[in-house]
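Structural characterization, general
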Amino acid sequence: MTGKGLFLSFICVFLCVHPCFSQGQVTQSEEWNPVSAGPLTTWTAPVCEKGQLIVQPFFFYNHTRGTFNDEGDYSSLPEGDKKSSFAEQFFFQYGLTNKLEFAGQTIYQQNYIEQSGEKARARGMGDSYLYLRYCLLSEQKILPLITGVFQVKAPSGKYQHAADDKLGTDIMGSGAWEHGYGVIVTKKIKPFVLHADALYSFPVSVTIDTVKTLYANNFTYDFGVEYFLPRGFNLLCEINGFMQGDRKDAGDRVPATDTGYVMVAPGIGWSNDKIQTLLCYQRVLAGTNCDANDSVAVTFVYTF
């Protein structure tokens, strides 16, 4: 099945399961109104109320234990090699109307590598994202909350002219603009809140170090479930996936440049009406041409 066909099938499945819940916001008709920071990566379907501003910083520490090759086989890093990064991500949401939301995300990262006795470190901005989200269907007794999302990726991270002494740590982004389209669903089934999203993106060609480059279209999918406990606590588990085909350089496909991963993230949160917090662990379980990372992430939500 093609990536586009998989995307459409994915949406059809989701339309049978989800609604608009996010950062502690729920529809007024619901009697059970749990508050939380939401999943770490999976979108939540609820949008902000008109004039409402929500800010959410994320802090990630990533440790690379190995890599997955083109066949999906895992290899640990050679003895003595190390690779890690620390990232600070800033995310905001603002309600343009009660159904339409504008959101954005940017990231600052610090990368470190030790390879064959050489060490390198670099820091800088990564790529940024802008979103428009519109609530298509409010949650009802059986039906979930459904929200459509339009995404633009801006190449704000360094993507060319890599320094020889940085061992690749100074490359922070892809260099390509992207536009993407997706759907988000959320459904409350006490004491659980279920979330899922799917997004298909189209990169625009870019010249990287004098070579015209076109990245393949990519598909992102996420599933998350929150289990709410007494005294403001909640448990989280989510699965995140990404798939992208081979890129083209000067019009020719470059073999073994496809990439993808599947990652799992358990976590625990604590929330009240003023603040929502989450501590999470992420682990890449499988992939193709990607790093095998273990990550610890912390986030909290503040609403103005």
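The structure presented is a predicted model; accordingly, all values stated were derived computationally and were not measured.

**Looking at the overall build of the chain**
A count of helices and strands for the chain gives one helix and 18 strands. Relative to a compact globule of 304 residues, whose C-alpha radius of gyration would be 19 Å, the chain shows 20 Å and is just as compact. Dimensions of the chain, computed from C-alpha atoms along their principal axes, come out at roughly 60 × 40 × 35 Å. Considering the chain as a whole, with its 304 residues, one finds that 47% of them fall into the buried category. Across the chain, the fraction of contacts at a sequence separation of at least 24, relative to all contacts at a separation of at least 6, is 62%. When the accessible surface of the chain is split by element, carbon and sulfur atoms take 60% of a total near 15,100 Å². Side-chain charges of the chain comprise 24 positive and 30 negative groups, with the mean position of each set lying 6 Å from the other.

**Quick word on the side chain of serine 295**
In this structure, serine 295 sits in strand E18 (residues 290-303). Here asparagine 62 takes part through its side chain, which lies 2.4 Å from a polar atom of the side chain of serine 295. Setting aside chain neighbours within four positions, we find serine 295 in contact with Tyr61, Asn62, Cys280, Tyr281 and Gln282.

**Some words on the pattern of salt bridges**
One pass over the full model with this rule turns up eleven salt bridges. The partner of arginine 65 in a salt bridge is aspartate 294, and the shortest N-O contact between them spans 3.3 Å. A residue pair is termed long-range when its members are at least 10 positions apart, and arginine 65 in strand E1 (residues 53-68) and aspartate 294 in strand E18 qualify at 229 residues. Close ionic contact of aspartate 127 with lysine 153 constitutes a salt bridge, the shortest N to O distance being 3.5 Å. Here lysine 153 lies in strand E7 (residues 145-154) and aspartate 127 lies in the loop between strand E5 (118-125) and strand E6 (128-137), a separation of 26 residues in the sequence. Summarising the burial analysis for this pair, aspartate 127 and lysine 153 share the class buried. Each of Arg65, Arg283 and Asp294 takes part in one network of salt bridges that share partners.

**Notes on the nonpolar core**
Of all hydrophobic cores here, the largest spans 25 residues; its most connected members are Leu40, Phe60, Phe91 and Tyr131. Listed by contribution, the elements that provide at least two residues to this core are E1, strand E3 (82-95), strand E4 (100-115), E6, E7, strand E17 (276-288) and E18. At three residues, the largest contribution of residues to this core is made by E1. If sequence neighbours within four positions are ignored, phenylalanine 60 has contacts with Leu40, Ser85, Phe86, Ala87, Gln89, Gln282, Val296 and Ala297. Counting five residues, the second-largest nonpolar core is a separate cluster that includes Phe68, Val284, Cys290 and Ala292.

Conventions used here
- Residues numbered from 1 in each chain as written.
- Predicted model: local features only at pLDDT ≥ 70, side-chain atom pairs only at ≥ 80, totals over all residues.
- Heavy atoms only, no water.
- Helix = DSSP H or I, 4+ residues; strand = E, 2+ residues; numbered from the N terminus.
- Rg over C-alpha atoms; globule rule 2.2 N^0.38 Å.
- Buried < 20%, exposed > 50% of the residue type's maximum accessible area, 1.4 Å probe, protein only.
- Contact = heavy atoms within 4.5 Å.
- Areas by Shrake-Rupley, 256 points an atom, 1.4 Å probe, with all protein chains shown as cover.
- Lys, Arg positive; Asp, Glu negative; His and termini not counted.
- Charge placed at Lys NZ, Arg CZ, Asp CG, Glu CD.
- Polar contact = N/O pair within 3.5 Å; in protein donor to acceptor, adjacent residues only side chain to side chain.
- Salt bridge = Lys/Arg side-chain N within 4 Å of Asp/Glu carboxyl O.
- Core = buried A, V, L, I, M, F, W, Y, C linked by side-chain atoms within 4.5 Å.

By themselves these figures say nothing about function.
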